[in-house]
Amino acid sequence: MISMISSVGRNRELGKNNSLIWHFKEDMKFFKETTMGHTVVMGLNTYKSLPGDLPGRHIIVVSNDLIDGVDTVNGIEPIIEKYQNTEEEVFICGGASIYKQFLPYADKLYLTEIDDEDDEADTFFPEFDKNEWNKTFIEESSQNNINFKMYLYERKII
Ligand SMILES: NC(=O)c1ccc[n+]([C@@H]2O[C@H](COP(=O)([O-])OP(=O)(O)OC[C@H]3O[C@@H](n4cnc5c(N)ncnc54)[C@H](OP(=O)(O)O)[C@@H]3O)[C@@H](O)[C@H]2O)c1
């Protein structure tokens, strides 16, 4: 099963200057709890932007380069082949280029929708047709007077 996990602003803002725009403790906790014990897949830019390790998660980086001590794949196909139509859930963790490539194959989207915007954002989550997904509220929180809600989108079976 291919799942994507992301946090987006009102205009699908993802990041700027190769870092996150918002840093919410409860959202970090949600990311940690949701991905714990799973394989997480990310693009090279996102990997380079990580502040540290992700203990308890197996990181695979999508890159044309090899990185010492980290598993890499030089295309999305090996991940699709391994996880499409499986019980085991893999988490696609960004950034923009990676979300865009995996979106057609994703079964689930764990989206934190942040009630804020940033006109300096330079990377965006891809547009998707919400009619093709069932949306379930998971939890909500706020920090610095900014509200954010976590939702699970599950692709409708047609
Ligand atoms: N809000 C969120 O939830 C969230 C989550 C993650 C990231 N972000 C943000 O997103 C931004 C980064 O996104 P991004 O789109 O710039 O970068 P990215 O998707 O993290 O990484 C892009 C790089 O990955 C490699 N890559 C991508 N597709 C590939 C393929 N099919 N085959 C081989 N290599 C491939 C390429 O690197 P090489 O060609 O150099 O190998 C490419 O330049 C940052 O601001 C980050 O903070 C936000």
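In this numbering scheme, every chain counts its residues from 1 along its sequence in written order. Under the rules for a predicted model, residues below a pLDDT of 70 receive no local features and side-chain atom pairs below 80 are neither given nor counted, while totals for whole chains, interfaces and linings still include all residues.

## Considerations on unusual backbone geometry
That bond from G94 to G95 is cis: its omega, 5 degrees, falls within 30 degrees of zero. When you line up the elements, G95 lands in the loop between strand 7 (90-92) and helix 4 (96-102). Phi angles above zero are rare outside glycine, and N18 is one such case at about 50 degrees. In this text, helices come from DSSP runs of H or I with a minimum length of four residues, and strands from runs of E with a minimum of two, each type numbered from the N-terminal end. Within the secondary structure, N18 sits in the loop between strand 2 (13-16) and strand 3 (19-20). Partly exposed residues are those falling between the two cut-offs: more than 12 but fewer than 20 other C-beta atoms within 10 Å of their own, whereas 20 or more means buried and 12 or fewer means exposed, with C-beta atoms placed from the backbone. When the 12 C-beta atoms within 10 Å are taken as the criterion, N18 is described as exposed. Positive phi outside glycine occurs at N144, with the angle close to 50 degrees. Tracing the chain through its elements places N144 in the loop between strand 10 (133-143) and strand 11 (146-155). The exposed category is assigned to N144, around which 8 C-beta atoms lie within 10 Å.

## Quick word on the sheet that holds strand 2
The three strands are arranged 3-2-9 in an open sheet whose pairing can be described as antiparallel. In this open sheet, the two strands that pair with only one neighbour each are strand 3 and strand 9 (123-124). Strand pairing is assigned whenever DSSP identifies at least 2 bridges connecting the two strands. Relative to strand 3, strand 2 is paired through two bridges, and the arrangement is antiparallel. Residue pairing across strands places K16 opposite S19, the latter belonging to strand 3.

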